[in-house]
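# Overview (structure and organization)
For reference, the chains in residue letters:
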Amino acid sequence: MSIPVGHYQYDRIDRDFLQARIAEFEGQVQRRLDGTLSEDEFKPLRLMNGLYLQLHAYMLRVAIPYGILDSRQLRKLGEIARRYDRDYGHFTTRQNIQFNWIRLEDTPAILRELAEVDMHAIQTSGNCIRNVTADEYAGAAADELVDPRVHAEILRQWSTLHPEFTFLPRKFKIAISGSPNDRVAARFHDIGILARPGEDGAPVFRIFVGGGLGRTPVIGEELFDSVREEHLLATLEAILRVYNAHGRRDNIYKARIKILVQAIGVDAYREAVEAELVQMDLERYRLMPEAVAAIRSRFAVPLLEAPADADAVLAQQRRDDPLFDRWVRSNTHVHRDPGHIIATISLKPAGGIPGDATSAQIVRLADLADAYSFGEIRITHLQNVVLGHVRKDRLRDLWLGLAEVGLAEANIGLIGDIVACPGLDYCALANARSIPIAQKLGARFADTALQAEIGALRINISGCINACGHHHAGHIGLLGVDKRGEEFFQLTVGGRAENGAAIGTILGAALPEDETVDAIARLVDCYLGRRESGETFLDTLTRLGHEPFREAAYETV
Amino acid sequence: MKRPVRLEPGQKLVLTANRLLDGRTVWWCADGTWDLHIGRAALLDADEAEAVLARVVAEAQRDGVVGVYDTAVQAAVPPEPVTVREKIRAHGPTVHPEFAVETEQ
């Protein structure tokens, strides 16, 4: 079997570990079924294997390390959706996939099927270091300075079953990017890492700590500007040790690292980390160039060859087909190779469920990845799919193939590209439904020409304060709340997860569900009516302030 | 200690849980079985629910259910849960009408 493009190639040690882990879980399931284990005893064990109990059934969350899959893995996910679920899967805001209708007794068999393609559901739940996320354009984007995947894989290997960090005060999320344009929401993670080349060409890492969303949204603060590669693991180890020792375990709502950093201040936190580093055996954690090279060698490099006229072919096709041109404008990104382009495939059809894909669509995406992008697929934290290395002269053929399965929506980064958590339709934690309001908004702004006219505008929706829909980071954010049994939505504006990260500002009192879509339409109208040439929604909001938008939202209330 | 249940006029309590094997939402019936359909659930007064709940919780492992609790319903035919959450549990996700519990045997 050839080495996959884009992600690490497992070896026998990795595979033996997965089989041992599945056998262990199979025994735990059996003991739960025969009553040897109580539900209280079993719950943390199943969560360590990604299995939640939601409103209607068990939900299995499968890890997609740094969001990258190969086609056989994606095909397997499609098979699991068809065979064990209700023929669809849901891509999440942490680059994973969840299946909503799983049977407990099927779970060991599913995990064995996943292991056949080097996948698992570890680190998708529990108070551990969760699946590490990375830039969806890693290794492909023209603006990238350092390919973050090798270091993401090193972090995966370091964090998986880390004996000190399996029972942290609370879950812990790390994101890494190697681009100056933050596409991983680095400032909203427990640790956000931005890699860049150092003076000697070796990568150095800027590290933020204490970011997060949830009930206490906080923008992460810079802890270190330039951590050398050899000290990356030691530094992360020290950050985690300080958190593990001093993070609050008495109150689940105050247990994340952001609360600790806010409580003692980032300078004190840095001092604590430096003190930890002084007494650590740094040799043990030194990341040697040979080790990095060994990991890098387990990633295949795509052979990027394109005809000399690939660019001209694409340009002509765009001139000939306005619909295709519109899709290219919104759904592609500049590749580092001039003959190639990055294609983002929207999982946000107008009126559809954000992030959902049927098994047929999933399998078709695998086929298209084989045909057009070296069999490699990336899942984005915005619930879309990326094919990273598409030849420009073949892009239109890809687009036509996507259209055959309803995946050619031209709305990436536009108002139809809505991020939404599963909400109260599935989630045991939710207070309100996220998906129906997303569907209504998607239908309201279904016209892709209108979306293009509105321009960059991101709507994020969460069904509860845990903020899995990242509502704080939406240009327009919606938070579902329950008021005496009725669904209401609190509106925020001005959030952003990209460079210049900001937490959205609450506009006013929560609106009844049936008034929310109209209120957002008035917000958009306010922007369209008052924007100046070239302004995005955020630009106009910044220039005018919140008041005109607040007045528009509450105009009829 | 369990909080006292306050029922509005016309409301009763039903007992609900998830099935251990597949996690499906189920409702406790007067014959001691668990059913997918809330229409078959036993309607309980607040003063009798506490004792029944304690007995059913004690038998949860034998009956293959987890997370037993009571919830208020309008005592209609079929009974309708009071909260949005329990309505969704009773009928299935609102975004997939093809998965409505009512369509299942």
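Scoring rules and cut-offs
- Residue numbers here run from 1 along each chain, matching the order of that chain's written sequence.
- As a convention, the first chain written is A and the first ligand written is 1, with the rest following in written order.
- Only residues with pLDDT of at least 70 get local features here, since the model is predicted, and only at 80 or more are side-chain atom pairs given and counted; chain-wide, interface and lining totals rely on the full set of residues.
- Here the side-chain values reflect all heavy atoms present in the structure, with hydrogen atoms and water set aside.
- Going along the chain from the N terminus, every DSSP run of H or I of four or more residues is numbered as a helix, and every run of E of two or more is numbered as a strand.
- Only C-alpha atoms enter the radius of gyration; for comparison, a globular chain is expected to reach 2.2 Å times N to the power 0.38, where N is the number of residues.
- With a 1.4 Å probe rolled over the protein chains alone, any residue whose accessible area is under 20% of its type maximum counts as buried; one over 50% counts as exposed, and the rest are partly exposed.
- In what follows, a contact means two residues having at least one pair of non-hydrogen atoms within 4.5 Å.
- Should DSSP find at least two bridges between two strands, the strands are taken to pair.
- For helices, the fitted line uses only the C-alpha atoms of the stretch in contact; every axis is such a line through C-alpha atoms, and the angle between N-to-C directions lies from 0 to 180 degrees.
- Orientation labels follow simple angle bins: below 35 degrees gives roughly parallel, above 145 gives roughly antiparallel, 65 to 115 gives roughly perpendicular, and whatever is left gives oblique.
- Charged residues are taken to be Asp, Glu, Lys and Arg, nonpolar residues to be Ala, Val, Leu, Ile, Met, Phe, Trp, Tyr, Cys and Pro, and polar residues to be all remaining types, Gly included.
- Summed over both partners, buried area is the accessible surface (1.4 Å probe) that two parts give up on being assembled.
- Counted as salt bridges are all cases of a side-chain nitrogen of Lys or Arg within 4 Å of a carboxyl oxygen of Asp or Glu.
- Under this definition, polar contacts are N or O atom pairs within 3.5 Å; protein pairs additionally need one hydrogen-donor-capable and one acceptor-capable atom, and for neighbouring residues in sequence, both atoms have to be side-chain atoms.
- UniProt positions are given in the numbering used here, feature names are shortened, and annotations may be inferred rather than shown by experiment.
- It is the directions from the helix axis to the C-beta atoms whose arc is reported.

### Topic: the overall build of chain A
When helices and strands are tallied, chain A shows 19 helices and 21 strands. What you see for chain A is a C-alpha radius of gyration of 23 Å, in line with the 24 Å of a compact globule of 557 residues. With the C-alpha coordinates of chain A rotated into their principal frame, the extents come out at 60 × 60 × 55 Å. Burial statistics for chain A: of 557 residues in total, 62% are counted as buried.

### Notes on the overall build of chain B
Looking only at helices and strands, chain B has 3 helices and 5 strands in total. Start at the N end of chain B and walk to the C end: the helices and strands fall as β-β-β-α-α-β-β-α. Over its C-alpha atoms chain B spans a radius of gyration of 13 Å, differing by no more than 12% from the 13 Å that the globule rule assigns to 105 residues. Principal-axis analysis of the C-alpha atoms places the extent of chain B at approximately 40 × 35 × 25 Å. Pairs at least 24 residues apart make up 56% of the contacts formed inside chain B by residues separated by at least 6 positions.

### Some remarks on the sheet that holds strand 1 (residues 11–19) of chain B
Residues and elements named next belong to chain B. Taken together, the 5 strands give an open sheet; going across it, the order is 3-2-1-4-5, and neighbouring strands pair in antiparallel fashion. Either end of the sheet is taken by a strand with one partner, and the two such strands are strand 3 (34–35) and strand 5 (80–81). Where strand 4 (residues 65–74) and strand 5 come together, 2 bridges link them in antiparallel fashion. Counted as the bridge partner of Q74 is E80 from strand 5.

### Some remarks on unusual backbone geometry
The residue after V77 of chain B, namely P78 of chain B, is reached through a cis peptide bond having omega -5°. Within the secondary structure, P78 of chain B is located in the loop between strand 4 and strand 5. Here the phi dihedral of Y66 of chain A falls at roughly 40°; this positive angle occurs in a residue that is not glycine. Among the structural elements, Y66 of chain A can be located in the loop between strand 2 (58–62) and strand 3 (68–70). Judged by relative accessible area, Y66 of chain A falls into the buried class, the value being 2%. Its identity as a non-glycine residue notwithstanding, Q383 of chain A has a phi of 70°, on the positive side. Looking at the element boundaries, Q383 of chain A is found in the loop between strand 14 (376–379) and strand 15 (385–391).

### Here's the deal with the packing of helix 7 (residues 257–264) of chain A against helix 8 (residues 266–279) of chain A
All names here are of chain A. Direction vectors running N to C along helix 7 and helix 8 enclose 105°, while the axes themselves pass 6 Å from each other. Compared by their axis directions, helix 7 and helix 8 come out roughly perpendicular. Contacts between helix 7 and helix 8 involve I257, L260, V261 and I264 from the former and V266, A268 and Y269 from the latter. Looking at the contact of helix 7 with helix 8, its residues break down into 7 nonpolar, no polar and no charged.

### Re the interface of chain A and chain B
At the interface, 30 residues of chain A touch 21 residues of chain B. Both sides together, the interface formed by chain A and chain B hides about 2,100 Å², and carbon and sulfur atoms give 59% of it. The largest per-residue losses of area from chain A upon contact with chain B belong to L55, H56 and R86 of chain A, which jointly make up 26% of the total buried on that side. At the boundary of chain A and chain B, one finds 2 salt bridges. Put simply, chain A and chain B have 10 residue pairs in polar contact (both at pLDDT 80 or more) between them. Looking at the side of chain A that touches chain B, the elements that each hand over two or more residues are helix 1 (12–33), strand 5 (97–102) and helix 15 (435–444) of chain A.

### Concerning the UniProt feature "domain: Nitrite/sulphite reductase 4Fe-4S" (unreviewed entry) in chain A
Those places that UniProt annotates as "domain: Nitrite/sulphite reductase 4Fe-4S" (unreviewed entry) correspond, in this numbering, to residues 125–277 and 418–553 of chain A. Taken end to end, residues 418–553 of chain A has its terminal C-alpha atoms 19 Å apart, with 37% of it in helix and 19% in strand.

### Topic: the pattern of salt bridges
Residues and elements named next belong to chain A. Under the criterion given, the structure shown has 58 salt bridges over all chains. Between E164 and R241 there is a salt bridge, and its shortest N-O distance comes to 3.3 Å. Of this pair, E164 sits in the loop between helix 5 (149–159) and strand 7 (174–177) while R241 is found in helix 6 (residues 232–246), placing the two residues 77 residues apart along the sequence. Given the relative accessible area of 34%, E164 is considered partly exposed. For R241, a relative accessible area of 18% corresponds to the buried category.

### Examining the sheet that holds strand 15 of chain A
Across a sheet, paired strands are connected by hydrogen bonds in the backbone, their directions being either parallel or antiparallel. Residues and elements named next belong to chain A. Read across the sheet, 5 strands follow the order 3-14-15-12-11 without closing on themselves; strand pairing throughout is antiparallel. Either end of the sheet is taken by a strand with one partner, and the two such strands are strand 3 and strand 11 (332–334). Neighbour-to-neighbour, the strand axes of the sheet open up by a mean angle of 30°, direction not taken into account. Summarising the sheet, strand 14 and strand 15 pair through 2 bridges and their orientation is antiparallel. Residue pairing for strand 15: R378 is matched across the bridge by V386.

### Some remarks on the pairing of strand 14 of chain A
Residue and element names in this part refer to chain A. Here strand 14 shows two buried faces, one formed by E376 and R378 and the other by I377 and I379. Of the strand pairs in this sheet, strand 3 and strand 14 are connected by 3 bridges, and their pairing is antiparallel. Residue D70 lies in a different strand from strand 14, and its bridge partner there is E376. From the end of strand 14 to the start of strand 15, which pair antiparallel, there are 5 residues, and Q383 there has a positive phi angle of about 70°.

### Some details on helix 11 (residues 310–320) of chain A
All names here are of chain A. Burial in helix 11 covers these residues: A310, L314 and Q317. Looking straight down helix 11, one finds that the buried residues subtend no more than 65° of arc, so they occupy a single side. Along helix 11, exposed side chains directed more than 90 degrees from the buried face belong to R319 and D320. For helix 11, the elements touching its buried residues are helix 12 (322–331), strand 12 (340–345) and helix 14 (395–404).

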